[in-house]
Amino acid sequence: MDKKLLWIGGGILLLIGLAAAISVMFASPPSFRGTSYAEPFPPAADFVLTQADGGEFRLYDQKGKIVLLFFGYTSCPDVCPTTLAEMKLLMNELGDAGERVQVVFISVDPDRDTPDRIQAYASNFHPTFLGLTGLQTELEPVWQSYSIFREEVQSDSAFGVIINHTARLFLVDAQSNMRLSYAYGAPVKDIAHDIELLLRLEP
């Protein structure tokens, strides 16, 4: 009887082990909540812009970090301050993992956004955020590389010229590949979920 029970117990353990192995083999891949780029992931367009302190920012120098790119301007009445406020909430949500994330705010309004002005604006939301601008001739290739729509509209409001622009957030992974993007208003928890997942997949 004891031998029979031993065989039965061994068989049950074997079945449990096989079931676990099969579940791992056929498990669904991790699911991202943002809009994913198709594999092989396209490399992000590299660019160099001058920072407020006079130093150069080069996208590819950020390898090893996740970079969140957003295009906007300091006189923006709604979309830009809302998005940067959400990025601040994101950094709070990520905690220590936020040290491996760099938020970069790139101007679509070089006439008004000086390097000091855009950096001060970005820093108001979080001290690690970078604000970048440049001459129109320097920025246009960057806008084109990321398919940024930009349109100046005259306004009677206190904001003066309003610039309609693409309000999408781009996630560049630690290998400088275009990995995910997010529509305006995407939940902060969804972005945090994707970043945490990427950090686990790419330690």
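Residues numbered from 1 in each chain as written. Predicted model: local features only at pLDDT ≥ 70, side-chain atom pairs only at ≥ 80, totals over all residues. Heavy atoms only, no water.

Chemist: So what about helix 3 (residues 115–125)? Which residues, and what values?
Modeler: Among the residues making up helix 3, those that are buried are Ile 118, Gln 119, Tyr 121, Ala 122 and Phe 125. Summarising the axial view, the buried residues of helix 3 lie within an arc of 160 degrees, below the 170-degree limit, and thus occupy one face. Opposite the buried face of helix 3, at more than 90 degrees from it, the exposed residues are Asp 116 and Asn 124. Buried residues in helix 3 make contact with helix 2 (79–94), strand 5 (101–107) and strand 6 (130–132). (Buried < 20%, exposed > 50% of the residue type's maximum accessible area, 1.4 Å probe, protein only. Helix = DSSP H or I, 4+ residues; strand = E, 2+ residues; numbered from the N terminus. Arc of directions from axis to C-beta. Contact = heavy atoms within 4.5 Å.)

Chemist: Describe the packing of aromatic side chains, with residues and values.
Modeler: The way to describe two aromatic rings as a pair is by their centre distance and the angle between their planes. A complete count under the given rule lists eight aromatic pairs for this structure. A ring pair is formed by Phe 70 and Phe 105, whose centres lie 6.2 Å apart and whose planes are at 10 degrees; its orientation type is stacked. Separated by 35 residues along the polypeptide, Phe 70 in strand 4 (residues 66–72) and Phe 105 in strand 5 bring together distant segments of the chain. On the basis of relative accessibility, which here comes to 2%, the residue Phe 70 falls in the buried class. Ring pairing ties together the aromatic residues Phe 47, Phe 57, Phe 71, Tyr 146 and Phe 170, which thus form one cluster. (Phe/Tyr/Trp six-rings, centres within 6.5 Å; stacked < 30°, edge-to-face > 60°.)

Chemist: Give a detailed account of the pattern of salt bridges, specifying residues and quantitative values.
Modeler: The final tally for this structure, using the stated rule, is six salt bridges. Across the pair Lys 189 and Glu 93 runs a salt bridge whose closest N-O atoms are separated by 3.2 Å. Taken as a pair, Lys 189 in helix 5 (residues 188–201) and Glu 93 in helix 2 lie far apart in primary sequence, 96 residues in all. According to the relative accessible area criterion, Glu 93 is partly exposed, its value standing at 37%. Note that Glu 152 is salt-bridged to Arg 150, the shortest N-O span being 2.8 Å. Relative accessible area serves as the criterion here: at 44%, Glu 152 is assigned to the partly exposed category. Look at Arg 150 and you get partly exposed, because its relative accessible area is 22%. (Salt bridge = Lys/Arg side-chain N within 4 Å of Asp/Glu carboxyl O.)

Chemist: How would you sum up the environment of Leu 169? Please name residues and give values.
Modeler: In this fold, Leu 169 is placed in strand 9 (residues 169–172). Residue Leu 169 is classed as buried on the basis of its relative accessible area, which comes to 5%. In contact with Leu 169, other than residues within four places in its own chain, are Leu 68, Leu 69, Phe 70, Met 87, Leu 180, Ser 181, Tyr 182 and Ile 191.

Chemist: Before we move on, can you summarise the nonpolar core with the specific residues and values?
Modeler: In terms of nonpolar packing, the biggest core is built from 54 residues, with Phe 47, Leu 69, Phe 71, Tyr 146 and Ile 195 touching the most fellow members. Residue contributions to this core peak at seven residues, all from helix 2. When near neighbours in sequence (up to four residues on either side) are disregarded, Phe 71 contacts Phe 105, Ile 106, Val 108, Val 142, Trp 143, Tyr 146, Ile 148, His 165, Thr 166 and Phe 170. (Core = buried A, V, L, I, M, F, W, Y, C linked by side-chain atoms within 4.5 Å.)

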